[in-house]
Amino acid sequence: MQREATPKELYPLAQPGPMTEMERFMFESFGYILIEDVLSEDECDEVLEAAKRLHHSAPKERLLQLGKGFETEPSIESLIDHPAVLPKVRALYGDRFVLQAAWCTVQPAGSQSVGWHQDGSSAYEFKHLAYPTPLVQLRASYSLTDQSELFMGNMMLIPGSHRSPVDLPKDARKEIFASPIQHSIRCKRGTMLLFHNGVWHSPMPNDMDFDRYNMHFIYSPPWLRRSDRFSTDPAFLEHTTPLRRALMGDYERPDTPFAGGFPEIPFED
Ligand SMILES: O=C(O)CCC(=O)C(=O)O
């Protein structure tokens, strides 16, 4: 089984902004793309401080995800429509999508939560909808702490596995090195990873003496039920921008026929 770091030449590296034809090809082939340096050091510091505030009173034993931090933390709110990333989301979904969840995730120092999975709902898995598994949760993950070497809580993914008609074998799902074709992403903090819900993935153990933080934003078609909140805090809806308000998907009548309940999202272009 592969135990070496994935050579960086194999990474599907993309640039900030609109999705190029090559980036689209890479996303469709691997199910993920990476953009480096989306956040500056200062921006990472700011979002990291916010992440630590959110997790302040939570137990630090294993992987823990806390939702809707954007409601109270402006630096997290500002990532909802980051100009490096949002055009990619639009390229994949068109102009009708929502922020289905935003999870601030810690993998504490000296802990591990290896568990290979596809994203979605275990109540009714997306792979039962159709083959290949449709894109229903598009995850933009910002690394807030350094993951430039292995065993820093890195994301591991199996490129192309969103197109596999068979599951990752059960006996591999708790293995760090689950498959010879996995990618174990080594990235600087400030890197953004965008991936398809069907891609099998897992966090790597964090052997460091500091906690690993990632900030995840999950974009979905407008009819998918939100998973980090039943509804968005009215105070947040009041003070945020029109674009972010629309991306919350708190429609007054979402179920009217012919999409009548889904107002247009006020993109600037
Ligand atoms: O932050 C992480 O390590 C990723 C967590 C994860 O795999 C998930 O939420 O599906």
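Before reading on, note that the structure itself is shown above.
Scoring rules and cut-offs
Residues numbered from 1 in each chain as written. Predicted model: local features only at pLDDT ≥ 70, side-chain atom pairs only at ≥ 80, totals over all residues. Heavy atoms only, no water. Pairing = 2+ DSSP bridges. Helix = DSSP H or I, 4+ residues; strand = E, 2+ residues; numbered from the N terminus. Axes fitted to C-alpha atoms, helices over the stretch in contact; angles between N-to-C directions. Contact = heavy atoms within 4.5 Å. Near = heavy atom within 4 Å. Polar contact = N/O pair within 3.5 Å; in protein donor to acceptor, adjacent residues only side chain to side chain. Areas by Shrake-Rupley, 256 points an atom, 1.4 Å probe, with all protein chains shown as cover. 1 Å grid on protein atoms, 1.4 Å probe; cavity = no way out; pocket = protein on both sides within 12 Å on 5 of 7 lines; lining within 4 Å. Sits in = over half its atoms within 2 Å of the grid points. Nonpolar A, V, L, I, M, F, W, Y, C, P; charged D, E, K, R; others polar. Core = buried A, V, L, I, M, F, W, Y, C linked by side-chain atoms within 4.5 Å. Buried < 20%, exposed > 50% of the residue type's maximum accessible area, 1.4 Å probe, protein only.

## Quick notes on the sheet that holds strand S9 (residues 212-220)
Taken together, six strands build an open sheet; the order of strands is S1-S7-S4-S9-S3-S2 and the sheet is antiparallel. At either end of the open sheet lies a strand with only one pairing partner, and these are strand S1 (32-35) and strand S2 (64-67). Between one strand and the next, the sheet's axes are offset by a mean angle of 20°, whatever the strand orientation. In the sheet, strand S4 (residues 138-143) pairs with strand S7 (residues 192-196) via five bridges, with the strands oriented antiparallel. Across the sheet, Ala 140 pairs through a bridge with Leu 194, a residue of S7. Lying on the sheet, helix H2 (residues 41-54) is in contact with S2, strand S3 (98-107), S4 and S9; it crosses S9 at an angle near 90°. In the packing of helix H4 (residues 86-93) onto the sheet, the strands contacted are S1, S4, S7 and S9, and the crossing angle to S9 comes to about 35°.

## Re the site of the ligand
Every residue lining the ligand is accounted for by Leu 63, Gln 65, Thr 105, His 117, Asp 119, Arg 139, Met 155, His 201, Pro 203, Arg 212, Asn 214 and His 216. Between the ligand and Arg 139, the relevant distance is 3.2 Å, taken from an oxygen atom to a side-chain nitrogen or oxygen of the residue. Burial of the ligand by the protein chains amounts to 96% of its free accessible area of 300 Å². Applying the majority rule of atoms within 2 Å of the grid points places the ligand in the largest pocket. Where the shell around the ligand is concerned, the elements lending two or more residues are strand S8 (201-203) and S9. A total of three residues in the shell around the ligand trace back to one element, the largest contributor, which is S9. Taken together, the residues that form the shell around the ligand break down as three nonpolar, six polar and three charged.

## Quick look at the nonpolar core
In terms of nonpolar packing, the biggest core is built from 47 residues, with Val 85, Tyr 142, Leu 144, Met 215, Phe 217 and Tyr 219 touching the most fellow members. Examining the composition of this core, we find that five residues originate from one element, H2, more than from any other. Contact partners of Phe 217, with chain neighbours within four places excluded, come to Ile 76, Leu 79, Ile 80, Leu 99, Ala 101, Ala 102, Leu 138, Arg 139, Ala 140 and Tyr 142.

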